[in-house]
Amino acid sequence: MNIGIIGGGIIGLSSAYYLNKAGHQVTIIDQTDLKDGCSHGNAGMIVPSHFIPLATPGMISKGIKWMFSSTSPFYVRPRLSGDLIKWGYQFYKHSTKQHVAHSIPALKEISLLSKAMYQQMARDLSFDFGYSERGLMMLYQNAETEKEEAETAHLANKIGIEAHVLSEAEVQQLEPEVKVKVRGGVYFPGDAHLTPQLLVKQLIAYLKEKGVDFKTNTYVTDLITERGSIKVLKTNGGDLSFDEVIIATGSWSGEVAAKLGITVPMQAGKGYSFTLQNMVRNVQIPSIFLEARVAITPMGNALRFGGTMEITGVDHGINMNRVKGIVNSIPHYYPEMKVAMPEEKEIWHGLRPCSPDGLPYIGKSRRIKNLTFATGHSMMGLSLGPGTGKLISEIIDHEKPSMPIAAFDPERFD
Ligand SMILES: Cc1cc2nc3c(=O)[nH]c(=O)nc-3n(C[C@H](O)[C@H](O)[C@H](O)COP(=O)(O)OP(=O)(O)OC[C@H]3O[C@@H](n4cnc5c(N)ncnc54)[C@H](O)[C@@H]3O)c2cc1C
């Protein structure tokens, strides 16, 4: 089949990878030149440990507390936007124990599927994208976080995700080059990491070589339907037609779906990262500073710090106060690491595509015959990319999906 994928981030590229392998003619259409974007400068973590969705009991009260500090890791810009209000209401409605229980099996399954796909890609592809299985360390400073994280570790072990609660000395033993100051940590040995910009750049080159067509700087302005199918994609470069269309447009998916009259609630969650090069003594295991919500990932001899979640719409401004929040958190956990405040030009930002219930949208549209969604992966798009791509290829080919996908129904809010 002739398949058009709108969006060339990790989700669109992973879908193209498996659809191309299955023998389809694939075209990726993206409004940018694909040299940057959310899939490039993120923290590169592959996280089966993240089986709990963002919408959880207690998250709203934490969020409200954070809203009042300019250096905190979370902020919602109050706006008179119907979409934001509806999204916020759905987030609130899903912040329940029942929703968490319903989401855990689906998130766990797709994470494990995706990690298995990464393992296979690391074996099959001739290029190196820094894939490494050293686990993930969740580090904490206070008793309240310790209690929450111990509960998560207990639950993880119960569902088959290995987790170990460690003392400060045990954390230090696993981190021989960098002095650590923590109350303790939880170690998830099954997590992995990679260098996202290396993966994306080389995957694009690989797909081009395999015959995938890339239409960059091409903005899809409209999707024209006829008898319940998409007939034409209107773009600034002319009309395009495909047998099947996949919407993998990340934070923009709400507005693209709206052109078809379909409600796919989505908010952009802006985050920042900066990368220190040529570390003489580097962190060995990717870590998350839990109270500060900062992610730290070694990438070769570089070290990347990422964090913050600003729900401010599709907005590309850099808020240096939030970056300061990230920098200020470092000595609390790594007391001997001296990190100067980076300049604005050194800050990367990305817009995470956030669904209100913390689950992605993966599956066929019920309303439009030749339309499939692959979006809304929020803080885990890199992690879930190949798993999603594999599922998309199975859906398009009417094969039994590798896992149940009902929880990801793209029209569950429609
Ligand atoms: C600071 C930070 C750290 C992160 N760390 C991690 C991590 O450690 N692990 C992890 O798994 N995830 C992480 N993430 C999240 C991850 O980066 C995202 O979930 C992922 O990149 C989303 O991929 P995507 O393909 O859905 O969207 P994108 O990468 O945003 O791709 C969507 C593409 O669609 C294109 N597009 C949109 N509308 C149109 C249109 N109308 N016409 C043409 N093109 C269009 C856009 O130009 C864009 O290129 C992090 C994010 C941030 C910000």
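Quick look at the structure, then. Values in this document were obtained by computation on a predicted structure and should not be read as measured data.

## Notes on the sheet that holds strand β2 (residues 25-29)
An order of β9-β2-β1-β13-β20-β19 is seen for the six strands of this open sheet, with the pairing classed as mixed. Whereas interior strands pair on both sides, the edge strands pair on one side only; in this sheet they are β9 (213-215) and β19 (361-364). Neighbour-to-neighbour, the strand axes of the sheet open up by a mean angle of 20 degrees, direction not taken into account. Relative to strand β13 (residues 244-247), strand β1 (residues 2-6) runs parallel, the two being bridged by four bridges. If you follow Gly4 over to β13, its bridge partner there is Val245.

## Regarding the packing of helix α1 (residues 10-21) against helix α10 (residues 381-396)
Contact pair α1 / α10: the axes reach a minimum separation of 7 Å and the direction vectors enclose 40 degrees. In terms of orientation, α1 lies oblique with respect to α10. Judged by the twist between their axes, the crossing of α1 over α10 is right-handed. Residues Ile10, Ile11, Ser14, Ser15, Tyr18 and Leu19 of α1 form the contact with α10, whose participating residues are Gly381, Leu382, Gly385, Pro386, Thr388, Gly389, Lys390, Ile392, Ser393 and Ile396.

## Section: the sheet that holds strand β11 (residues 229-235)
Across the sheet, which stays open at both edges, the three strands sit in the order β10-β11-β12 with antiparallel pairing between neighbours. Looking along the sheet, the strands with just one partner apiece sit at the ends: β10 (220-226) and β12 (238-240). The sheet shows a mean angle of 25 degrees between the axes of neighbouring strands, taken without regard to direction. In this sheet, β12 lies alongside β11 in antiparallel orientation, the contact comprising three bridges. Within β12, the residue paired with Leu233 across the bridge is Leu240.

## What to know about the site of the ligand
As a structural note, the neighbourhood of the ligand is formed by 36 residues, with Asp30, Ser39, Met45, Ser378 and Ser383 the closest of them. Contact between the ligand and Gly381: an oxygen atom at 2.9 Å from a main-chain N or O atom of the residue. Isolated, the ligand exposes 1000 Å² of accessible area, and the fraction of that covered by the protein chains is 96%. Looking at the shell around the ligand, the elements with two or more residues in it are α1, β14 (267-276), β18 (348-354) and α10. A total of four residues in the shell around the ligand trace back to one element, the largest contributor, which is β18. A per-class count over the shell around the ligand returns 18 nonpolar, 16 polar and two charged.

Thresholds, definitions, all that
- Residues numbered from 1 in each chain as written.
- Predicted model: local features only at pLDDT ≥ 70, side-chain atom pairs only at ≥ 80, totals over all residues.
- Heavy atoms only, no water.
- Pairing = 2+ DSSP bridges.
- Helix = DSSP H or I, 4+ residues; strand = E, 2+ residues; numbered from the N terminus.
- Axes fitted to C-alpha atoms, helices over the stretch in contact; angles between N-to-C directions.
- Parallel < 35°, antiparallel > 145°, perpendicular 65-115°, else oblique.
- Left-handed = near helix turned anticlockwise from the far one by under 90°.
- Contact = heavy atoms within 4.5 Å.
- Near = heavy atom within 4 Å.
- Polar contact = N/O pair within 3.5 Å; in protein donor to acceptor, adjacent residues only side chain to side chain.
- Areas by Shrake-Rupley, 256 points an atom, 1.4 Å probe, with all protein chains shown as cover.
- Nonpolar A, V, L, I, M, F, W, Y, C, P; charged D, E, K, R; others polar.

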